[in-house]
Amino acid sequence: TESHFHDASTPLSVWLTRATSCSAFAAIAAVLKLETAEAYKIVLPWIVATGLLYPWSAKLGLFSEVKPKYPIHYVPETLFVILPAMGLLAGM
């Protein structure tokens with residue numbers, strides 16, 4: 001986290017990040033078992049919510065007061081605009 005934020009990592013933040021990754025991998029594995037149309041209905045809102053909860057909430061101070069480091073934090077901010085846009089285009 002210290003490469004993207006001015007705040008130092010804590011043991012709790014490291015633990016939460018690792019614990020959350022297990023759930024994300026399980027969800028991805030489950031979605032891969034679905035038909036494409038069904039997976040699309042789940043994954044597009046998931047990507048939008050992830051963008052709002054992670055890079056965009058940090059940038060806009062929506063849910064916390066973390067201070068992102070720039071220019072490196074432009075990467076996730078940009079990706080979480082491009083990914084949902086590509087998903088919307090793919091669904092047309």
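Up top is the structure these notes are about.
In what follows, the accompanying structure is described. (Residues numbered from 1 in each chain as written. Predicted model: local features only at pLDDT ≥ 70, side-chain atom pairs only at ≥ 80, totals over all residues. Heavy atoms only, no water.)

Applying the stated criterion to the full structure yields one aromatic pair. For the pair Tyr 70 and Tyr 74, a centre-to-centre distance of 4.5 Å together with 45° between the ring planes defines the contact as tilted. Note on Tyr 70: relative accessible area 35%, which makes it partly exposed. (Phe/Tyr/Trp six-rings, centres within 6.5 Å; stacked < 30°, edge-to-face > 60°. Buried < 20%, exposed > 50% of the residue type's maximum accessible area, 1.4 Å probe, protein only.)

Once that is clear, we can look at unusual backbone geometry. Omega for the peptide link from Tyr 70 to Pro 71 comes to 15°, which places this bond in the cis form. By the secondary structure assignment, Pro 71 is in the loop between α2 (36-60) and α3 (74-90). (Helix = DSSP H or I, 4+ residues; strand = E, 2+ residues; numbered from the N terminus.)

Our focus in this paragraph is the side chain of His 73. Topologically, His 73 is positioned in the loop between α2 and α3. Of note is the side chain of His 73, whose polar atom sits 2.8 Å from the side chain of Glu 77. Beyond its immediate chain neighbours, meaning those up to four positions away, His 73 contacts His 4, Phe 5, Pro 55, Ala 58 and Pro 68. (Polar contact = N/O pair within 3.5 Å; in protein donor to acceptor, adjacent residues only side chain to side chain. Contact = heavy atoms within 4.5 Å.)

This brings us to a nonpolar patch on the surface. Together, Leu 53, Tyr 54, Leu 60, Leu 62 and Phe 63 line one region of the surface with nonpolar side chains, adding up to about 580 Å² of accessible area. Among the structural elements, Phe 63 can be located in the loop between α2 and α3. (Patch = residues over 30% accessible without salt bridge, like charges linked within 9 Å, V, L, I, M, F, W, Y side chains within 5 Å. Areas by Shrake-Rupley, 256 points an atom, 1.4 Å probe, with all protein chains shown as cover. Salt bridge = Lys/Arg side-chain N within 4 Å of Asp/Glu carboxyl O.)

Further remarks concern the pattern of salt bridges. Enumeration over the complete set of coordinates arrives at two salt bridges. For Glu 38, the salt bridge goes to Lys 41, with nearest N and O atoms at 3.2 Å. A residue pair is termed a helical-turn pair when its members lie 3 or 4 positions apart in one helix, as Glu 38 and Lys 41 do in helix α2 at three residues. By relative accessible area, Glu 38 is classed as partly exposed at 40%. A residue is classified by how much of its surface remains accessible, and Lys 41, at 54% relative accessible area, is exposed.

Another point: α3. With 17 residues, α3 should cover 24 Å at 1.5 Å per step; its first-to-last C-alpha distance of 24 Å lies within 8% of that length. Looking only at α3, the buried set comprises Pro 76, Glu 77, Pro 84 and Gly 87. Burial along α3 is one-sided: seen end-on, the buried residues are contained in an arc of 110°. In α3, the exposed residues that point more than 90 degrees away from the buried face are Met 86, Leu 89 and Ala 90. Against α2 lie the buried residues of α3. (Expected span 1.5 Å × (residues − 1). Arc of directions from axis to C-beta.)

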